[in-house]
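# Remarks on the overall topology
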Amino acid sequence: MSRCIQLAKNGLGTTYPNPLVGSVIVHNGKIIGEGWHYKAGQPHAEVNAIASVTSNSHLLKEATIYVSLEPCSHFGKTPPCSDLIISRGIKKVVIGSTDPNPQVAGRGIKKLQDAGCEVVSGVLEQECIELNKRFFTFHSKKRPYIFLKWAQTADGFVAPLQESRTETKPIWITNEFSRQLVHKIRSEEMAILVGTKTVIDDNPSLTVRDWTGNNPTRVVIDRELKLPSHSSIFDRSVKTYVFTEKNKASLKNETQFVQIDFSKEIAPQICDVLYEKGIQSLIVEGGPKTLQTFINVHLWDEALVFSGPANFEQGVSAPVFKGVLISEEKIKKDSLQRFKSQKS
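- The chain carries the name Riboflavin biosynthesis protein RibD in an unreviewed UniProt entry, which gives Aequorivita viscosa as its organism.
- UniProt's Function (unreviewed entry) comment on the chain is quoted here verbatim: "Converts 2,5-diamino-6-(ribosylamino)-4(3h)-pyrimidinone 5'-phosphate into 5-amino-6-(ribosylamino)-2,4(1h,3h)-pyrimidinedione 5'-phosphate."

Take a look at the structure:
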């Protein structure tokens, strides 16, 4: 099962809206086939694992198939994996976790059992749920899995005082290796959010440039629609949603304007809309005010805090939050701390 999880991670960023799944086929204690789900619309992990058993496919009837997530039982863009397992005569199936998707949710296991397969489930279950934390959160909590991300100085500031800025471009706190890692993280998630001030101060494109992968959907909070039309986020290169209190019509294939009520908490409203749009993960990369908007209503799952060696002595303070430190790594003179929400 550990190998299934390892294989599944190869699909991070390319399988949306599908989950990450890995599969291994074992005969007499030896792996004879393996595969993972590469991309939505393409064959699932079990299909790829079975297809990899070529010269000795007759062994499938004596083999055990391991899969990190319950095999599907419905027709989507591909046929049900449970049907394939049954048709190939595989008699034992070991599953990491059940599928929270209502279209599956135990139906795959039942179909296998009804066909006479021995099914063992719950093997490394927590690890398999962690693998698909985005997918599970989306289906169980009806919202995206939310990452908070910011960079701060050694003395806890995310930006210098506004009057000390002389031009409109980012002031880098971290090194180029940290920035490359940020682009890798962007390529793995479905959407990225910033506020009005970040767009005005930094004019970010919010795209993947220092890594290879898909650009996340851009989400911008612009209450009064005061962002200039020449801002990079309006370049039409990536799907973009702008949350505003104004009623503005959206044009086809252009920026989509979404009206919400700013007299109420806006983070839950944004999450509701993104859920309806099928967005399973979101990076909140805005300034402290935007980040605090999500922190204050406990709408976050992980915080990624990059720290650089510089000291500003005064400036804009980093967000205030409470979380459980789950990992820390050095990136030359920078560091990255990952925190888990206590409410998650």
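On we go.
## Thoughts on the UniProt feature "binding site: Zn(2+)" (unreviewed entry) in the chain
- Under the feature "binding site: Zn(2+)" (unreviewed entry), the UniProt entry names His44, Cys72 and Cys81. What stands out for the annotated residues spanning 38 residues is how close their C-alpha atoms remain, the widest pair being 9.1 Å apart.
- Among the secondary structure elements, cysteine 81 is positioned in helix α3 (residues 81-87).

## Quick look at helix α10 (residues 288-296)
- Those residues of α10 that sit buried are Thr290, Leu291, Gln292, Thr293, Phe294 and Ile295.
- Once α10 finishes, histidine 298 follows within two positions and takes phi at roughly 60 degrees, a positive value.

## Points about the packing of aromatic side chains
- Counted according to the given criterion, the structure contains six aromatic pairs.
- With a centroid separation of 5.4 Å and an interplanar angle of 85 degrees, the aromatic rings of tryptophan 150 and phenylalanine 321 are classed as edge-to-face. Remark: phenylalanine 321 occurs in the loop between β14 (316-317) and β15 (323-331) and tryptophan 150 occurs in strand β6 (residues 145-152); sequence separation between them is 171 residues.
- With 5.1 Å between their ring centres and 85 degrees between their planes, phenylalanine 321 and phenylalanine 339 make a pair best called edge-to-face. A residue pair is termed long-range when its members are at least 10 positions apart, and phenylalanine 321 in the loop between β14 and β15 and phenylalanine 339 in strand β16 (residues 334-341) qualify at 18 residues.
- Linked through ring pairs, Trp150, Trp300, Phe321 and Phe339 together constitute an aromatic cluster.

## Digging into the pattern of salt bridges
- If you walk through the whole model with that rule in mind, you get 16 salt bridges.
- The partner of aspartate 114 in a salt bridge is lysine 110, and the shortest N-O contact between them spans 2.8 Å. One end of the pair is aspartate 114 and the other is lysine 110, both in helix α4 (residues 107-114) and four residues apart, which spans about a single turn. When sorted by exposure, aspartate 114 lands in the same class as lysine 110, which is exposed.

## Examining the side chain of histidine 139
- Inspection of the secondary structure puts histidine 139 in helix α6 (residues 133-141).
- Assessed through its relative accessible area of 15%, histidine 139 is described here as buried.

## Brief notes about helix α7 (residues 176-188)
- Look at α7: 19 Å from first C-alpha to last across 13 residues, which is about the 18 Å you get at 1.5 Å a residue.
- Within the sequence span of α7, burial applies to Ser178, Leu181, Val182, His183, Ile185, Arg186, Ser187 and Glu188.

## Examining the pairing of β6
- With eight of its eight residues buried, β6 lies for the most part within the structure.
- Here β6 shows a buried face lined by Tyr145, Phe147, Lys149 and Ala151 and a second buried face lined by Ile146, Leu148, Trp150 and Gln152.
- Sheet topology places β6 next to strand β12 (residues 281-284); four bridges connect them, and they run parallel. Across the sheet, leucine 148 pairs through a bridge with valine 284, a residue of β12.
- When β6 meets strand β13 (residues 302-307), the two strands line up parallel, connected through six bridges. Bridging from a neighbouring strand, alanine 151 pairs with phenylalanine 306 of β13.

So, how was this worked out
Residues numbered from 1 in each chain as written. Predicted model: local features only at pLDDT ≥ 70, side-chain atom pairs only at ≥ 80, totals over all residues. Heavy atoms only, no water. UniProt positions renumbered as here; feature names shortened; annotations may be inferred. Helix = DSSP H or I, 4+ residues; strand = E, 2+ residues; numbered from the N terminus. Buried < 20%, exposed > 50% of the residue type's maximum accessible area, 1.4 Å probe, protein only. Phe/Tyr/Trp six-rings, centres within 6.5 Å; stacked < 30°, edge-to-face > 60°. Salt bridge = Lys/Arg side-chain N within 4 Å of Asp/Glu carboxyl O. Expected span 1.5 Å × (residues − 1). Pairing = 2+ DSSP bridges.

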